Amino acid sequence: MQFDYRKMTASDRYKLMAQSVVPRPIAWIVTEDEGVLNLAPFSYFTPLSSEPPTLIVSVGHRPDGTPKDTLANLRKRGRCTLCLVSAELLEPMHYSSKSLSHEESEAERFRIPMIEVFENYPPMVEGAPSAFACTLLQEVDLSGSLTRPLILKIERQYLDDRCITDAERLRLDCALLARVGASYAHPGKQIDAPEIPNF
């Protein structure tokens, strides 16, 4: 079966893409404006480059075409704290995907504990296995799209000590959640890479 994306609605394209490119990591982004913390999860997200150290995340707009709070706050403040998500944080992360008014904080509405880790950046979600302090490096203009891919530069990273399996070689195992279509996934055991034979 083949699908011609030129003849499909954006909604149907999303359904196919979201279930084909799996699993996708979840960026739980914390931004701030006028003392109000905004928390929002995004699964169109991935590392982009290690030089400069960057991540890319796609942020949509509200149904009325106005920017979501994450995008508006990043445009205004230029900084965010991007948390990764463990299984223990599934419920509050999912709850925070609910659209609230700009003046209402998901942290307060859903009683999500926050903790100050990075100076001059929004707080991170308490219990997150890893978090990045990021600055907005660049917006990508996708012609005709309300989705705005954002390139975020990593300034600092927090890691829970329990994620570090080998500090000397920087080996990690954070057991992070991922997005698969409309559901979530908890990746199973890690599989060692096979040895490449000499031909």
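You'll find the structure just up there.
Residues numbered from 1 in each chain as written. Predicted model: local features only at pLDDT ≥ 70, side-chain atom pairs only at ≥ 80, totals over all residues. Heavy atoms only, no water.

Focus: a nonpolar patch on the surface
Here's step 1: Taken together, the side chains of M1, F3, Y5 and M17 present a nonpolar region at the surface, about 490 Å² in accessible area.
Here's step 2: Its location among the elements puts F3 in the segment before helix 1 (10-20).
Here's step 3: For F3, a relative accessible area of 47% corresponds to the partly exposed category. (Patch = residues over 30% accessible without salt bridge, like charges linked within 9 Å, V, L, I, M, F, W, Y side chains within 5 Å. Areas by Shrake-Rupley, 256 points an atom, 1.4 Å probe, with all protein chains shown as cover. Salt bridge = Lys/Arg side-chain N within 4 Å of Asp/Glu carboxyl O. Helix = DSSP H or I, 4+ residues; strand = E, 2+ residues; numbered from the N terminus. Buried < 20%, exposed > 50% of the residue type's maximum accessible area, 1.4 Å probe, protein only.)

Notes on the sheet that holds strand 14 (residues 183-185)
Here's step 1: The strand order across the open sheet built from three strands is 1-13-14, with neighbouring strands paired in antiparallel fashion. At either end of the open sheet lies a strand with only one pairing partner, and these are strand 1 (24-25) and strand 14.
Here's step 2: Where strand 1 lies against strand 13 (residues 178-180), two bridges are found, and the strand directions are antiparallel. When the sheet's bridge partners are listed, R24 is paired in strand 13 with R179. (Pairing = 2+ DSSP bridges.)

Structural notes on unusual backbone geometry
Here's step 1: In the segment running from E51 into P52, the intervening peptide bond is cis, with an omega of 0°.
Here's step 2: With respect to the element layout, P52 can be found in the loop between strand 4 (45-50) and strand 5 (53-59).
Here's step 3: Positive phi is not limited to glycine here, since R111 has a value of about 55°.
Here's step 4: With respect to the helices, strands and loops of the structure, R111 is situated in the loop between helix 4 (106-109) and strand 7 (114-115).
Here's step 5: Relative accessible area serves as the criterion here: at 75%, R111 is assigned to the exposed category.

A few points about the nonpolar core
In globular proteins that are soluble, nonpolar side chains generally tend to be buried together.
Here's step 1: In this structure, W28, L39, C83, V85 and V125 are the most contacted members of the largest nonpolar core, which totals 19 residues.
Here's step 2: Among the elements of the structure, strand 2 (27-33), strand 3 (36-42), strand 8 (124-125) and strand 9 (130-139) are those that each provide at least two residues to this core.
Here's step 3: Once you skip the residues sitting within four places of it in the chain, V85 turns out to touch I26, W28, M93, P129, L176 and L177.
Here's step 4: Counting residues in each nonpolar core, the second largest holds 18 residues, with F45, V57, V59 and L71 among its members. (Core = buried A, V, L, I, M, F, W, Y, C linked by side-chain atoms within 4.5 Å. Contact = heavy atoms within 4.5 Å.)

Considerations on the side chain of D33
Here's step 1: Here D33 lies in strand 2.
Here's step 2: Since its relative accessible area comes to 7%, D33 is described here as buried.
Here's step 3: In contact with D33, not counting residues within four places along its chain, are N73, K76, R77 and H102.

Notes on the state of the cysteines
Here's step 1: Scanning the entire structure with this criterion turns up zero disulfides.
Here's step 2: Not part of a disulfide, C80 finds its nearest cysteine sulfur in C134, a span of 4.7 Å.
Here's step 3: According to the relative accessible area criterion, C80 is buried, its value standing at 0%. (Disulfide = S-S within 2.5 Å.)

Quick word on the sheet that holds strand 9
Here's step 1: Spatially, the seven strands line up as an open sheet ordered 3-2-6-9-10-5-4, and their pairing is antiparallel. With one partner strand each, in any of the chains shown, strand 3 and strand 4 form the two edges of the open sheet. On average, each strand axis in the sheet is tilted by 35° relative to the strand beside it, whichever way the strands run.
Here's step 2: Across the sheet, helix 2 (residues 69-77) touches strand 2, strand 3, strand 5, strand 6 (79-83), strand 9 and strand 10 (148-159), and the angle it forms with strand 2 is around 55°. (Axes fitted to C-alpha atoms, helices over the stretch in contact; angles between N-to-C directions.)

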